[in-house]
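Per-entry structural report
Each chain, letter by letter, is given below.
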Amino acid sequence: MPPTITPNIIASLRSPILILIAALSHPDCRAIGIGVDLRIAALEALGRKDEAQAGRWRHFERALSAEHLRAYLRRLPDFEDFE
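Bear in mind the structure is a predicted one, so any value in this text is a computation, not a measurement.

1. A few points about unusual backbone geometry
At L64, a residue that is not glycine, the phi angle is positive and equals roughly 50 degrees. Here L64 is to be found in the loop between α5 (49-63) and α6 (66-74). By relative accessible area, L64 is classed as exposed at 64%.

2. Topic: the packing of α5 against α6
The packing of two helices is summarised by the inter-axis angle and the distance between the axes. Running from N to C, α5 and α6 cross one another at 150 degrees; their axes reach a closest spacing of 8 Å. Note that α5 runs across α6; the crossing there is left-handed. Taking contact as the criterion, the partners of Q53, R56, W57, H59 and F60 in α5 are, on α6, H68, L69, A71 and Y72.

3. Some details on the packing of aromatic side chains
What the rule picks out here adds up to 2 aromatic pairs. Arranged with centres 5.2 Å apart and planes meeting at 45 degrees, the rings of W57 and F60 form a pair that is tilted. One end of the pair is W57 and the other is F60, both in helix α5 and 3 residues apart, which spans about a single turn. Residue classification places F60 among the buried positions, given a relative accessible area of 17%. On the basis of an interplanar angle of 45 degrees and a centroid distance of 5.1 Å, the ring pair of W57 and Y72 is categorised as tilted. Taken as a pair, W57 in helix α5 and Y72 in helix α6 lie far apart in primary sequence, 15 residues in all. Through successive ring pairs, a cluster of aromatic residues spans W57, F60 and Y72.

Thresholds applied
Residues numbered from 1 in each chain as written. Predicted model: local features only at pLDDT ≥ 70, side-chain atom pairs only at ≥ 80, totals over all residues. Heavy atoms only, no water. Helix = DSSP H or I, 4+ residues; strand = E, 2+ residues; numbered from the N terminus. Buried < 20%, exposed > 50% of the residue type's maximum accessible area, 1.4 Å probe, protein only. Axes fitted to C-alpha atoms, helices over the stretch in contact; angles between N-to-C directions. Left-handed = near helix turned anticlockwise from the far one by under 90°. Contact = heavy atoms within 4.5 Å. Phe/Tyr/Trp six-rings, centres within 6.5 Å; stacked < 30°, edge-to-face > 60°.

No statement about biological role is implied by the geometric values presented.
Pasting the structure below:
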């Protein structure tokens, strides 16, 4: 299992993260799923929550990853009660 990459670690590396996100966005990387979790963690650390959610959903759609679906659902806003 790969080591956990915390938002604090990523936040301290802001500029290199932007380079990493650009590299991981390359079609060759996306096609084989390289760095999906790393890219999502980087987006979260940069406060780009909507993009991180979109990445989770895309990976779920492509790989039917239950892990990414659970992470996506955990971050959805709570339902409000309607009467």
